[in-house]
Amino acid sequence: QLQASGGGLVQAGGSLRLSCAASGRTFSRYPMGWFRQAPGKEREFVAAITWDGNKTRYPGSVKGRFTISRDNAQNKVDLQMNSLKPEDTAIYYCAASTKYGLVNWVPIVTADYDHWGQGTQVTVSS
């Protein structure tokens, strides 16, 4: 139901834009987020956005470099990643949280998300 795309190989300092498209149902009423998982590490929070796009959250590691946005009319959420670093290398997953419908809340833990995309690989070379 969630399909992530846009990953690839980029040099350090470069940019990528990930996109997550929903199909089969709409997630326009729910917060959505991006997470990433590097080899041998746990999945970690990257960005999240409220159902209406009015509030976003980022961890310190990506704040100021990554921007999450959504288009409910097109049923998709994007992640613009700038100034990429080798430590950003990971598989990136988009997710939706149907636990929080139409509320001004941005969940940041994986347990709060119940719909996940298949992931897209991002590799940043030094």
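Residues numbered from 1 in each chain as written. Predicted model: local features only at pLDDT ≥ 70, side-chain atom pairs only at ≥ 80, totals over all residues. Heavy atoms only, no water.

Asker: For this particular structure, what's the right way to read the pattern of salt bridges?
Answerer: For side chains bearing opposite charge, pairing can occur when the charged atoms are close. Inspection of the entire model under this criterion finds 6 salt bridges. Close ionic contact of Asp-78 with Arg-17 constitutes a salt bridge, the shortest N to O distance being 3.3 Å. Within this pair, whereas Asp-78 is found in strand β8 (residues 76-81), its partner Arg-17 is found in strand β3 (residues 16-22), the two being separated by 61 residues in sequence. Exposure remark for Asp-78: the relative accessible area of 7% places this residue in the buried category. With its nearest N and O atoms 3.6 Å apart, the salt bridge here joins Asp-78 to Lys-76. Overall, the relative accessible area of 25% leaves Lys-76 in the partly exposed class. Here the salt bridges share partners, and the residues they tie into one network are Arg-36, Glu-44, Arg-65 and Asp-88. (Salt bridge = Lys/Arg side-chain N within 4 Å of Asp/Glu carboxyl O. Helix = DSSP H or I, 4+ residues; strand = E, 2+ residues; numbered from the N terminus. Buried < 20%, exposed > 50% of the residue type's maximum accessible area, 1.4 Å probe, protein only.)

Asker: What is the right way to look at the state of the cysteines in this model?
Answerer: Here is the idea: a disulfide is a covalent bond, and it sits between the sulfur atoms of two cysteines. The tally for this structure, following the rule as stated, stands at 1 disulfide. One disulfide bridge connects Cys-20 with Cys-94, the sulfur atoms lying 2.1 Å from each other. A torsion of 60° about the S-S bond marks the disulfide between Cys-20 and Cys-94 as right-handed. In this pair, Cys-20 sits in strand β3 while Cys-94 sits in strand β9 (residues 90-96), placing the two residues 74 residues apart along the sequence. Residue Cys-20 is classed as buried on the basis of its relative accessible area of 1%. Exposure remark for Cys-94: the relative accessible area of 0% places this residue in the buried category. (Disulfide = S-S within 2.5 Å.)

Scope: geometric values only; no functional claims are made or implied.
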